[in-house]
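Remarks on the overall topology
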Amino acid sequence: MEKQGKIFIVDDNEDVLIALHYMLEPFVEKVRVTTQPSRIEHYISTFQPDVILLDMNFSKDAVSGEEGYDCLAKIMAIDPQSVVLFITAFVTTE
């Protein structure tokens, strides 16, 4: 079976990126990761992912999710058809 699809993962925790990369790699054509939200535009334009996994918080002790929503707004401005799934390590999100 031919692997299809490209996933782009944005998270400030390198351990999360490594784990998700290894977990998803057998099932999709390509996986790209970054710890830097400032690189989102570059990856969307050059990699053209089918799905983006986006962390909600990028600052130590940040739990509001505002950073993730800001990144989501940037992604939607670049490509309104993007498929974005929020991810977080916090269990007490609304």
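My aim in this report is to walk through the structure given alongside it, one point at a time. Throughout this document, residue positions are counted from 1 along each chain, in the order its sequence is written. Where totals are concerned, whole chains, interfaces and linings use all residues; where local detail is concerned, this predicted model gives features only for residues with pLDDT of at least 70, and gives and counts side-chain atom pairs only at 80 or more. Note that water and hydrogens are dropped before the side-chain values are worked out from all heavy atoms of the structure.

Considering the sheet that holds strand β2 (residues 30-34)
Worth spelling out the cut-off: A pair of strands is considered paired only if DSSP assigns at least 2 bridges between the two. Numbering of helices and strands runs from the N terminus; a helix is a DSSP stretch of H or I covering at least four residues, while a strand is a stretch of E covering at least two. Between N-to-C directions, angles span 0 to 180 degrees; the directions come from axes that are lines fitted to C-alpha atoms, helices contributing only their stretch in contact.
Reading across from one edge, β2-β1-β3-β4 is the order of the four strands in this open sheet, with parallel pairing throughout. Every other strand in the sheet has two partners, leaving β2 and β4 (84-87) as the edge strands with one partner each. Averaged over all adjacent pairs, the angle separating strand axes in this sheet is 15°, with direction ignored. As judged from the five bridges shared by strand β1 (residues 6-10) and β2, these two strands associate in the parallel manner. Within β2, the residue paired with I9 across the bridge is V33.

Some thoughts on the packing of aromatic side chains
The condition that has to hold: In this analysis, rings of Phe, Tyr and Trp, with Trp reduced to its six-membered ring, are considered paired at centre separations within 6.5 Å, and the interplanar angle assigns stacked below 30 degrees, edge-to-face beyond 60, and tilted for intermediate values.
Using the criterion set out here, one finds two aromatic pairs in the structure. Relative to F86, the ring of Y69 lies with its centre 5.0 Å away and its plane at 70°, an arrangement referred to as edge-to-face. Of this pair, Y69 sits in helix α3 (residues 66-78) while F86 sits in strand β4; the two residues are 17 residues apart in sequence, bridging distant segments of the chain.

Function cannot be inferred from these measures alone, as they are strictly geometric.
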